[in-house]
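Chain and residue survey
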Amino acid sequence: MIYAPERDEGPRPAIIDVGYELPPMRLRIPVRDYIADVSDDPDRDYYEFLAEPPVEPVERVYTIDEVRHSARLRDKVRRVDLDTITFPTGSAEVSMSQAKTMRKVAAAMEKILAKDPGETFFIEGHTDAVGSDRSNLVLSDKRAESVASLLTEVYGIPPENLVTQGYGERFLKVRTQEAEQQNRRVTIRRVTPLVRPVAQR
Amino acid sequence: MSIRSKLFATVALPVLSVSVAVPPAVADSLMKPFEVAQEGGGQSDEELLLLQKQRQAEEEAARQAAEQQRAAEEEAARQAAEQQKAAEEEAARQAAEQQKAAEEEAARQAAEQQKAAEEEAARQAAEQQKAAEEEAARQAAEQQKAAEEEAARQAVEQQKAAEEEAARQAAEQQKAAEEEAARQAAEQQKAAEEEAARQAAEQQKAAEEEAARQAAEQQKAAEEQQKAAEQAQPGDCVVPEGQDASTACPPEGGKAAQQPATTEEQKAGEQPPVTEEQKAGEQPAPTETVPGTEQQPQTGEGQPVPGTEQPQTGEGQPVPGTEQPQTGEGQPVPGTEQPATAEQQPQVQQPVPEVVDTRTEEEKVKIAEDPAATDETVVLPVENGAAVLDSDKDADNSGGNQAREQRQKLREELRAKEEDVAPPADDAAAQAAIAAEIPADLPQKIEANLNEKGTRVDEAPVFVVPETTNIVNNTVINNTVINNNTTVNNITNNVTEATIVRACVTMRKRPTMISFRAAAPAKPSCAPAATGSSPSTTVTATSCSARAWTATATST
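Residues numbered from 1 in each chain as written. Chains lettered and ligands numbered in written order. Predicted model: local features only at pLDDT ≥ 70, side-chain atom pairs only at ≥ 80, totals over all residues. Heavy atoms only, no water.

Per the secondary structure count, chain B includes 17 helices and 0 strands. Here chain B holds 556 residues, and the buried ones make up 26% of them. A separation threshold of at least 6 residues defines the contact pool for chain B, and within that pool the share at least 24 residues apart is 60%. As presented, chain B carries roughly 37700 Å² of accessible surface, and 55% of it is formed by carbon and sulfur atoms. (Helix = DSSP H or I, 4+ residues; strand = E, 2+ residues; numbered from the N terminus. Buried < 20%, exposed > 50% of the residue type's maximum accessible area, 1.4 Å probe, protein only. Contact = heavy atoms within 4.5 Å. Areas by Shrake-Rupley, 256 points an atom, 1.4 Å probe, with all protein chains shown as cover.)

Spelled out as structure tokens, the structure:
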């Protein structure tokens, strides 16, 4: 017999962006080393890319929710833009042919997890600016989830190592209010150094 | 005819038809005697006898009923007589008593009345005396009060008169100031009004006559008011700085007749929206007013002149159907809109300014190659590319270019503060800033959490019945006691039943325990009741239902 309180009861806690306390970030590495576009560079070694450390010192260990809510914190780690997965407008489905393009990224994640099973990957979903904010938020959540389930079901990445979050139209890649394929995307980051203490050498 | 046909016609057909027709006929004949017996009316002796007996019985019953009725009637009459007699006696007795009581009451009341009358007389005398004294005092007070009120009223009237005078002076000053403000506003809006007037010229022509007619009466009244005001308080005008009095104080109705030169001067400055056609065709009068004539001067307040074409002064008469700014000074034509002044028009909500990136593609590419060299926001080197960092995107969304500049300054400060630090080489280096004891402490904390063990429970906890019964149990026991009134051993029963009820209630609250208890052979769940020591039927029923429920819980 255990006591399990209802989690959904009561008001939701306020969202606090802890990144506002930090100074604006200075990117010190070339953009190409910061963002890996799968379509631009399909033969890249994604294991090396994902295993790269954060681009900025981490002040403390953050919770996964703090990372979820703070763009400033997520900026500390590099990202892989899965732009080979092209979502149609209003859709979160990934076709099997597009799922194949994730093979290299998935293999890199597998390799990282084989080395350290406690790694955490953060999968972000994004939409373009067409449609209402609310529907886009839901849609981006679904996109992140569909990619995560694909990674789990097709490539065998354990779901406990994946965290998904949709951001709607908040972080456009191309500044336009029109329908834009490049804005409908999913991004993967390795956030382990943000959320877990790493053994010091 | 063949032999077969003949045979058929002579033998087979008749036989067939007979065989078909006979059974109903036979059945009919079988039925007939009964029908006859029922319908015929010829009754047998037995039946007659039966009927006779029946009739005799009916007569007997009727006779008995009549006798009973008669007896009942007699009885009722007797009872009624008795009741009546008793009632009469009772009434007589009551009447006598009432009479006696009434007499006593009357005597008592008479005595009381007499006493009261005497007291009343004394009291009235006293009251009259007191009232006379009070009256005298009141009259004196009233006289004094009236004198005071009179004095106060006179004072108030004097004050009111003074106030009115002051208010009138203030109103006139304000009016003069407003006129001045209106005139300035009109001049500022001249350009806009010209446009509006040109568009509305056709509508205006029709509306002007109507407006002039309507405003004529208004002007007459207004002029009378103004004349009175002028006589009371002449030449009171606020002159703003940097303006001479002739322009600052627009001429008013009564005065203007003697000062036409000023009016004309003012008019020249104040007539904004008149089109060329209107000036040529419709309105020769206002600019050509001869000084000293009997014609009403154009006062510049927008009051139309009867019998003349309405001049477009731009201050007073809003053009019907057009969005002309309302200066708040003139008399608006009824039925037209009164738009607000330009100052009062609501400010359009300005969206967040769009980020304008003036950098060329080459510069963007260059920055993307080496972002460390610059403090500007790094953007994707594509057309309309957004910022690379999500935090920069957030800032762009909320603040636009201003936010970019602000962040650039902050980055410059940061760069000045800390010399260029290379990005961390690995995850551990990235977390080097975290105090060493925190990560060192953490595995122990995790270990402590992992080692935490609960207590294993081998059997279900035994729930002890409390010594003091609670309210729920009391109610139940009371119910049972009422049911058990016939039996003697109440006290024993109560204790037993309390146990039963408690056990059953506890079990119902914790259904997972049931299977445990049922599985344990030595502990029947509601054993005391089941043993039958209690004669209570209700308790037995309760325990039985509980047992039955236990059984089902076990099976499931």
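As a further point, take the interface of chain B and chain A. The interface is formed by 43 residues belonging to chain B together with 45 residues belonging to chain A. Around 3900 Å² of area is buried between chain B and chain A when both sides are counted, 55% of it from carbon and sulfur atoms. Together, B:Asp390, B:Asp427 and B:Gln431 form the three largest contributors to the area buried by chain B at its contact with chain A, with a combined 16%. On inspection of chain B and its partner chain A, the count reaches 5 salt bridges. Of the charged contacts in the structure, one is a salt bridge between A:Arg79 and B:Asp390, with a shortest N-O distance of 3.9 Å. At the boundary of chain B and chain A, one finds 18 residue pairs in polar contact (both at pLDDT 80 or more). Of all the elements in the fold, those that place two or more residues in the side of chain B that touches chain A are helix H9 (361-369), helix H10 (390-417), helix H11 (427-430) and helix H12 (437-451) of chain B. Among the elements that take part in the side of chain B that touches chain A, H10(B) stands out by supplying 10 residues, more than any other. When its residues are assigned to classes, the side of chain B that touches chain A shows 22 nonpolar, 6 polar and 15 charged. (Buried area = accessible area lost by both parts, 1.4 Å probe. Salt bridge = Lys/Arg side-chain N within 4 Å of Asp/Glu carboxyl O. Polar contact = N/O pair within 3.5 Å; in protein donor to acceptor, adjacent residues only side chain to side chain. Nonpolar A, V, L, I, M, F, W, Y, C, P; charged D, E, K, R; others polar.)

Residues B:Glu361, B:Glu362, B:Glu363 and B:Glu383 make up a contiguous surface patch of negative charge. On the basis of relative accessible area, B:Glu362 is assigned to the exposed category, the value being 60%. (Patch = residues over 30% accessible without salt bridge, like charges linked within 9 Å, V, L, I, M, F, W, Y side chains within 5 Å. Lys, Arg positive; Asp, Glu negative; His and termini not counted. Charge placed at Lys NZ, Arg CZ, Asp CG, Glu CD.)

What follows covers the side chain of A:Glu124. Residue position: A:Glu124 is located in strand E3 (residues 121-125). A distance of 3.4 Å separates polar atoms of two side chains, one belonging to A:Glu124 and the other to A:Arg74. A distance of 3.1 Å separates polar atoms of two side chains, one belonging to A:Glu124 and the other to A:His126. A:Glu124 has contacts with A:Arg74, A:Ala144, A:Gln165, A:Tyr167, A:Arg185, A:Val186, A:Thr187, A:Arg189 and B:Asp390, leaving out every residue within four places of it along the chain.

What follows concerns the pattern of salt bridges. Within this structure, the stated rule accounts for 42 salt bridges over all chains. A salt bridge links A:Arg79 to A:Asp81; its shortest N-O distance comes to 3.5 Å. Between B:Glu60 and B:Arg63 there is a salt bridge, with the nearest N and O atoms lying 2.4 Å from each other. On the criterion of helical spacing, the pair formed by B:Glu60 and B:Arg63 is a turn pair, its members being 3 residues apart in helix H2 (residues 45-188). Here B:Glu60 falls in the partly exposed class, since its relative accessible area comes to 33%.

Before going further, it helps to examine the packing of aromatic side chains. Throughout the structure, instances matching the rule amount to 1 aromatic pair over all chains. Taking the ring centre of A:Tyr47 as reference, the NZ or CZ of A:Lys111 above it sits at 4.4 Å. (Phe/Tyr/Trp six-rings, centres within 6.5 Å; stacked < 30°, edge-to-face > 60°. Lys NZ or Arg CZ within 6 Å of the ring centre and 35° of its normal.)

Residues and elements named next belong to chain A. Val80, Leu82, Met109, Ile123, Val147 and Leu151 are the most contacted members of the largest nonpolar core, which has 31 residues in total. Among the elements of the structure, helix H2 (46-51), helix H6 (103-115), E3, helix H7 (133-155) and strand E5 (186-190) are those that each provide at least two residues to this core. If sequence neighbours within four positions are ignored, Val80 has contacts with Ala36, Val38, Tyr46, Phe49, Leu50, Val105, Val186, Thr187 and Ile188. (Core = buried A, V, L, I, M, F, W, Y, C linked by side-chain atoms within 4.5 Å.)

All names here are of chain A. For E3, the tally of buried residues reaches 5 of 5 residues, placing the bulk of the element in the interior. Side chains Phe121, Ile123 and Gly125 of E3 all project onto a buried face; the interleaved residues Phe122 and Glu124 project onto the opposite face, where all are buried too. Judged from the 5 bridges that link them, E3 and strand E4 (residues 162-166) form a sheet pairing that is parallel. In the sheet register, Phe122 faces E4, and the bridge partner there is Val163. Tracing the backbone out of E3, into H7 and back to the parallel element E4 gives a crossover that is right-handed. In terms of strand pairing, E3 meets E5 through 5 bridges, oriented antiparallel. Opposite Phe122, over in E5, you have Arg189 as the bridge partner. (Pairing = 2+ DSSP bridges. Right-handed = clockwise from strand over helix to strand, strands pointing away.)

Attention now goes to H10(B). Between its first and last C-alpha, H10(B) extends only 24 Å over 28 residues, short of the 40 Å set by a 1.5 Å rise per residue. The sharpest bend along H10(B) measures roughly 130° and falls at B:Gly399. (Expected span 1.5 Å × (residues − 1). Bend = angle between axes of the 7 residues up to and from the residue.)

This paragraph deals with a nonpolar patch on the surface. Together, B:Val18, B:Val22, B:Val26 and B:Leu30 make up an exposed nonpolar region whose accessible area comes to about 340 Å². Here B:Leu30 is to be found in helix H1 (residues 3-39).

This paragraph deals with the sheet that holds E4(A). Remark on secondary structure: sheet strands pair via backbone hydrogen bonds, oriented parallel or antiparallel. Residue and element names in this part refer to chain A. Read across the open sheet, the 5 strands follow the order E1-E2-E5-E3-E4; overall the sheet is mixed. Each of the sheet's edge strands pairs with one partner strand only, and the pair in question is strand E1 (35-37) and E4. Within this sheet the neighbouring strands show an average axis-to-axis angle of 20°, counted without direction. On the sheet, H7 packs against E3, E4 and E5 and is oriented at approximately 160° with respect to E4. (Axes fitted to C-alpha atoms, helices over the stretch in contact; angles between N-to-C directions.)

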